Amino acid sequence: TKPIDAVDFLSPFVVRVAFTLANDDANGYILSEFGLFSGGNALITRKVRAVSINKTSDFSPTFTHRIRF
């Protein structure tokens, strides 16, 4: 798990939540899905990527979730 980096309110009832995997995080893993969990560890959103990412120390991707409520 990773803490979130940013929360932006894009418009009324829409929030964007972002987190970044640092260069030394999750290396050697193939990233095909990720989720956003609440403080109580309940899954709020889940994304499945059409194309998986082979995470290496060469890059530090930022992922976002947009939630409409």
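Refer to the preceding data block for the structure.
Treat the numbers as computed from the prediction; the structure is a model and nothing was measured.

Draft legend 1. Main features of the environment of Asp8. By the element assignment, Asp8 lies in strand E1 (residues 6-11). Judged by its relative accessible area of 31%, Asp8 falls in the partly exposed class. Along the backbone, Asp8 and Phe69 are 61 residues apart, and their C-alpha atoms lie at a distance of 14 Å. Once residues lying within four places of it in the same chain are set aside, the contact partners of Asp8 are Val14, Val15 and Arg16.

Draft legend 2. Just the sheet that holds strand E2 (residues 14-20), in detail. A sheet is described by the order of its strands in space; here 3 strands give the open sequence E1-E2-E5, paired in antiparallel fashion. Each edge of the open sheet carries a strand with a single partner, namely E1 and strand E5 (62-68). For this sheet, the mean inter-axis angle between neighbouring strands, taken without regard to orientation, is 25°. Taken together, the 5 bridges between E1 and E2 define a ladder with antiparallel strand orientation. In the strand pairing of E2, Asp8 is matched with Arg16.

About the thresholds
Every chain is numbered on its own, with residues counted from 1 as its sequence reads. It should be noted that, the model being predicted, local features are given only for residues of pLDDT at least 70 and side-chain atom pairs only at 80 or more, the latter also being counted only at that level, while totals for whole chains, interfaces and linings use all residues. By convention in this description, side-chain values take in all heavy atoms of the structure and omit both hydrogens and water. Put simply, DSSP marks the helices as runs of H or I at least four residues long and the strands as runs of E at least two long, and each gets a number from the N terminus on. Buried means the residue's accessible area, taken with a 1.4 Å probe over protein chains only, is under 20% of the maximum for its type, while exposed means over 50%, and partly exposed covers the values in between. For this analysis, residues touch if any pair of their heavy atoms sits within 4.5 Å. Whether two strands pair depends on DSSP finding at least two bridges between them. Note on method: axes are straight lines fitted to C-alpha atoms, helices fitted across the in-contact stretch only, with angles between N-to-C directions ranging 0 to 180 degrees.

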